[in-house]
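Remarks on the overall topology
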Amino acid sequence: MKVSPIILKDGYKVGHKFQYPEGTTLVYSNLTPRKARNPEVDEIVFFGLQYFIKEYLIKQFDELFFKQPKDDVIKAYARRLDNYLGKDSISYDHIEKLHDLGYLPLEIKALPEGTLVPMKVPIFTIRNTKPEFFWVTNMLETVLSAIIWKPCTSATTAFQYLRTFTKYANETVGEDKGFIPWQGHDFSFRGMSGIEDAIMSGAGHLLSFAGTDTIPAIDFLEQYYNADCEKELVGGSVPATEHSVMCMGTQGDEINTFDRLISKVYPAGIVSIVSDTWDFWQVITEFLPQLKEKILARDGKVVIRPDSGDPVKIIIGDKDAKPGTPEFKGAIECMWETFGGTITDKGFKLLDGHIGLIYGDSITTERQESILAGLKEKGFASYNVVLGIGSFTYEYVTRDTFGFAMKATYGEVNGDGRDIYKDPKTDDGTKKSAKGLMQVYRDHNGKLALKDQCTWEEEAQGELKTVFKDGKLVVDLTLEEIRKRVKAQL
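Small disclaimer: the values here were computed from a predicted structure and weren't measured.

Turning next to the pattern of salt bridges. Two side chains with opposite charge may pair up if their charged atoms get near one another. According to the stated counting rule, one finds 21 salt bridges in the structure shown. Across the pair E141 and K13 runs a salt bridge, and its minimum N-O distance is 2.5 Å. Note that E141 is positioned in helix 6 (residues 141-172) and K13 in the segment before helix 1 (16-19), a separation of 128 residues in sequence. Looking at E141, the relative accessible area reads 15%, which means it is buried.

Dropping the structure here:
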C-alpha cells in the first residue's frame, strides 16, 4: 500500500505550520538514540537512512506528489483533512507552494552508515533550506522515526551476535574467520510486522552476516545500497527441509527419509535436515551412526537441525540428566563420538567437515553466549554450531529499545537564532534534549561525542556530512563499504 507521502505523518503534524511563531524561517532537528534498555549495549549501528532518502524523499515524493497534477494532489489532501479535522479547519496554500517548488527544500547531514554511535549522539540532522518551508523539517519526523529505528536496531543486534561469535572464534578456533559470516542466520521473516519491516531488518542483519532466509533483503541491498549478488556475496543459504517434508515421509520410515535426502535428492553439497519431528535423540544416536559411511562419503555437509526444547541443553548437554545419556552429553558431543573430527589451532575439537548442526529456535544473545561458553568448557570449538536468529530477537524490540527520537534544537524567528530544547521536570533525564546547532566529533579516544550550542562555523565541521540536499542524494554508499566499516569496529 502506498499513499501520498504528504500524508505520512501523525495527525497533529498537519497544523504545526500555523503554530510556530510568526516570522519563523528555520527549523533544525536531529535524530538521536537517547537510552539503551540493555545497559551492556551503549552504541547503535547506524543504518537505513539511504533507503529512506531514495525511497521516500526522492521516489515517493516524486511519483506520488510532485509529478501528480497539483489540483489532484490538493483535492485529495483537502478531502482527507476536511473529513479528519473538519471542513476548512486548515488552509492548504503551503502544500500548493511545496508542489510548485518541485522538490523537498531540505538538507540532511549524517554520520556514515555502519558507524557505531554512542547513546545521546545524533545520527543525523535535518533542516529546511528555504525560509518559507520551515514547516517541512518536522513534518517528516513521523515517517523518519517509523522507518529508521528498526534497521538501526536490527543492525545493532546482529553486531552483538557478530562480536560474540568473533570472540569465541578467537578463543577456540584461531586465525581463520571465514565461517563467522555463516554462523548467524536470519530466520525472522515470518514473524516480522509486515514485509517492509522484515526486509529492512533482514538487511540490517546482512551488515554482519551472510546467512539469511529473508531473500528480499538481498533485493533491498541491491536496489538501495549498490550491492550486486553477481559480484559479491550479499546473502545466501542452503537447501533445507521443514517438518511437513519429514512428516510426509512418516515416522516409521524416517531414517529412509534421511537416506533419500542425503543420497538421492542432495548427493553432494550442504543440506540441512530438521531432526526433532519425533525423537531427536534417536536421530543423533541411531540414524546418524547407521548413515555414517554415506555421510562421510558425500562431497558436502549434512547439517542436523534440532528445533525444540532448551537449545543450550540440547547442544551442550543437560548436567541434570542421567550421566552417560545423550541428553547429558548433548548433541555436539554425541556427534563427535560418531564422526570425530579435527583439533583447531587453539586446541579445541571441531566436527568432521561432513557433519554439522544448526539451531534456530528462540536463540537470544544470552543463549548464544551460554552455548558458545558451554562448548568451550567442554573442549569444543565455536565453529561446531550455526545459530538461527529469529523474530523473537529481531521483533521483540521497540523504538524505545534505544530511545530513538527526533527533536528540534535550533530555529530562527525574524532573523534571530534560538537554541531550543526540552527538559521535563517529571522525566528521569531520558527526554532532556540537546540545545542549538550540533557538531559530532571524535574525542581523544576516537569515540564519537556531541558538542551542542555550536556556531554555524563549528556545525559545518565534524563527522556529520551532507547526504541529501534540495531533492538530491549527495552521498551514495555501497553495502561493501558499510560492511567494512562495521567489521573494522569489532
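Don't stop here, the text continues.
Our focus in this paragraph is the sheet that holds strand 18 (residues 465-469). Strand order in this open sheet of 7 strands is 15-14-1-5-3-18-19, and the pairing throughout is antiparallel. The open sheet has two edge strands, strand 15 (416-419) and strand 19 (472-473), and neither has a second partner. Bridge count for strand 3 (residues 106-110) against strand 5 (residues 124-128) is 5 bridges, and the pairing is antiparallel. The partner of I108 across the bridge, within strand 5, is I126.

Quick look at the side chain of T257 now. Structurally, T257 can be placed in helix 11 (residues 254-265). With relative accessibility at 4%, the residue T257 sits in the buried group.

So, on to the packing of aromatic side chains. Given two aromatic rings, one states the distance between the centres and the angle between the planes to describe the pair. In the structure shown here, the tally under the stated rule is 23 aromatic pairs. Pairing W336 with F380 gives two aromatic rings, centres 6.0 Å apart and planes at 80°, and the pair type is edge-to-face. Within this pair, whereas W336 is found in helix 15 (residues 331-339), its partner F380 is found in the loop between helix 16 (365-377) and strand 13 (385-389), the two being separated by 44 residues in sequence. Among the aromatic residues, those joined into a ring-pair cluster are F47, Y51, F52, Y56, F220, Y224 and Y225.

For Q19, the position within the fold is in helix 1. A C-alpha to C-alpha distance of 25 Å links Q19 and T32, two positions 13 residues apart in sequence. Looking at Q19, its side chain comes within polar contact range of the main-chain oxygen of G15, at 3.4 Å.

When the UniProt feature table is mapped to this numbering, "domain: Nicotinate/nicotinamide phosphoribosyltransferase" (unreviewed entry) covers residues 184-471. Split by type, residues 184-471 is 34% helix and 21% strand. Its first and last C-alpha atoms lie 38 Å apart.

Let's shift gears to the packing of helix 11 against helix 12 (residues 280-297). Where helix 11 contacts helix 12, the axes come no closer than 11 Å and their chain directions differ by 30°. Both helix 11 and helix 12 take part in a crossing whose hand is right-handed. Of helix 12, the residues touching helix 11 (which contributes E254, I255, F258, D259, I262 and S263) are V283, F287, Q290, L291, K294 and I295. Here the residues of the contact of helix 11 with helix 12 are counted per class, giving 7 nonpolar, 2 polar and 3 charged.

Using the residue numbers shown here, the UniProt feature "domain: Nicotinamide phosphoribosyltransferase N-terminal" (unreviewed entry) corresponds to residues 7-60. Annotated as residues 7-60, this span is 30% helix and 24% strand, and its ends, taken at the C-alpha atoms, are 12 Å apart.

A word on the sheet that holds strand 13. Spatial ordering of the open sheet is given by 7-6-13-12-9-8, a layout of 6 strands whose pairing is parallel. Each edge of the open sheet carries a strand with a single partner, namely strand 7 (211-212) and strand 8 (271-274). Taken together, the 3 bridges between strand 9 (residues 302-305) and strand 12 (residues 355-359) define a ladder with parallel strand orientation. Bridging from a neighbouring strand, V303 pairs with G356 of strand 12.

So, on to the packing of helix 12 against helix 15. Where helix 12 meets helix 15, the closest approach of the two axes is 10 Å, and the angle between their N-to-C directions is 30°. As the angle between them shows, helix 12 and helix 15 are arranged roughly parallel. Here helix 12 runs over helix 15; the crossing is right-handed. Contacts between helix 12 and helix 15 involve F280, W281, I284, L288, P289, K292, I295 and L296 from the former and A331, C334, M335, T338 and F339 from the latter. Split into classes, the residues belonging to the contact of helix 12 with helix 15 amount to 11 nonpolar, 1 polar and 1 charged.

The rules behind these values
- Residues numbered from 1 in each chain as written.
- Predicted model: local features only at pLDDT ≥ 70, side-chain atom pairs only at ≥ 80, totals over all residues.
- Heavy atoms only, no water.
- Salt bridge = Lys/Arg side-chain N within 4 Å of Asp/Glu carboxyl O.
- Helix = DSSP H or I, 4+ residues; strand = E, 2+ residues; numbered from the N terminus.
- Buried < 20%, exposed > 50% of the residue type's maximum accessible area, 1.4 Å probe, protein only.
- Pairing = 2+ DSSP bridges.
- Phe/Tyr/Trp six-rings, centres within 6.5 Å; stacked < 30°, edge-to-face > 60°.
- Polar contact = N/O pair within 3.5 Å; in protein donor to acceptor, adjacent residues only side chain to side chain.
- UniProt positions renumbered as here; feature names shortened; annotations may be inferred.
- Axes fitted to C-alpha atoms, helices over the stretch in contact; angles between N-to-C directions.
- Left-handed = near helix turned anticlockwise from the far one by under 90°.
- Contact = heavy atoms within 4.5 Å.
- Nonpolar A, V, L, I, M, F, W, Y, C, P; charged D, E, K, R; others polar.
- Parallel < 35°, antiparallel > 145°, perpendicular 65-115°, else oblique.

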